[in-house]
Amino acid sequence: MNRKQLALSTALIVLLAMDAYSIHLYGYIGFFRMVLANFAGVTAFVDLAIALVLIIVWMGDDARQRNVTAIPYIFLTVALGSVGPLLYLIRRFSDRTERARSVTPQAVHS
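Residues numbered from 1 in each chain as written. Predicted model: local features only at pLDDT ≥ 70, side-chain atom pairs only at ≥ 80, totals over all residues. Heavy atoms only, no water.

## Remarks on the overall build of the protein chain
Scanning the protein chain from N- to C-terminus turns up five helices and zero strands. The helix and strand sequence of the protein chain, counted from the amino end, reads α-α-α-α-α. Among the 110 residues that make up the protein chain, the fraction classed as buried is 23%. Residue pairs at least 24 apart in sequence account for 59% of intrachain contacts in the protein chain once pairs closer than 6 positions are excluded. About 7,900 Å² of surface is accessible on the protein chain, with carbon and sulfur atoms providing 70% of the total. (Helix = DSSP H or I, 4+ residues; strand = E, 2+ residues; numbered from the N terminus. Buried < 20%, exposed > 50% of the residue type's maximum accessible area, 1.4 Å probe, protein only. Contact = heavy atoms within 4.5 Å. Areas by Shrake-Rupley, 256 points an atom, 1.4 Å probe, with all protein chains shown as cover.)

## Concerning the nonpolar core
Within the largest apolar cluster, six residues are counted, these being L8, L12, V83, L86, I90 and F93. Only α1 (3-35) and α4 (83-102) provide two or more residues apiece to this core. With four residues, the single largest contributor to this core is α4. In contact with L8, other than residues within four places in its own chain, are L86, L89, I90 and F93. Core analysis: the second largest hydrophobic core is formed by five residues, A63, A70, Y73 and Y88 among them. (Core = buried A, V, L, I, M, F, W, Y, C linked by side-chain atoms within 4.5 Å.)

## Section: the packing of helix α2 (residues 39-66) against helix α3 (residues 71-80)
In a pair of packed helices, the angle between the axes and the distance between the axes together describe the arrangement. Between α2 and α3, the least distance of the axes is 10 Å, while the angle of their chain directions is 175°. By the angle between their axes, α2 is roughly antiparallel relative to α3. Listed contacts from α3 to L52, I56 and M59 of α2 are Y73, I74, T77 and V78. Here the residues of the contact of α2 with α3 are counted per class, giving six nonpolar, one polar and no charged. (Axes fitted to C-alpha atoms, helices over the stretch in contact; angles between N-to-C directions. Parallel < 35°, antiparallel > 145°, perpendicular 65-115°, else oblique. Nonpolar A, V, L, I, M, F, W, Y, C, P; charged D, E, K, R; others polar.)

## Looking at α1
The end-to-end C-alpha distance of α1, which contains 33 residues, comes to just 33 Å, noticeably less than the 48 Å that a straight helix rising 1.5 Å per residue would cover. Inspection of α1 places Q5, L8, S9, L12, G30 and V35 among the buried residues, and these make up the whole buried set. Between a side-chain oxygen at the N-terminus of α1 and the backbone nitrogen of K4 the separation is 3.1 Å; the capping residue is N2. (Expected span 1.5 Å × (residues − 1). Polar contact = N/O pair within 3.5 Å; in protein donor to acceptor, adjacent residues only side chain to side chain.)

Here it is in structure tokens:
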């Protein structure tokens, strides 16, 4: 596991712990009621939604270029927010590491 994967994994664990605690306190529906309780929460929710749509578009394009599927990560993004992109990036950096290992020194110098 490289540094990027470690940092992303740490962020994912913290986010999942916060999500679990919020759902424990308020429930899934209650969480959205709290977020949408005032205009500041609505503004933050709209901002997050716009950012996640942009990330979903990027994930789809990136996955297509890499010949992998982004569908599970898109579903996770719609259902759980940043969990989907974090998992996608962890996997993406894992693929890059595997590809770098498979390149031989002779191939690099040719």
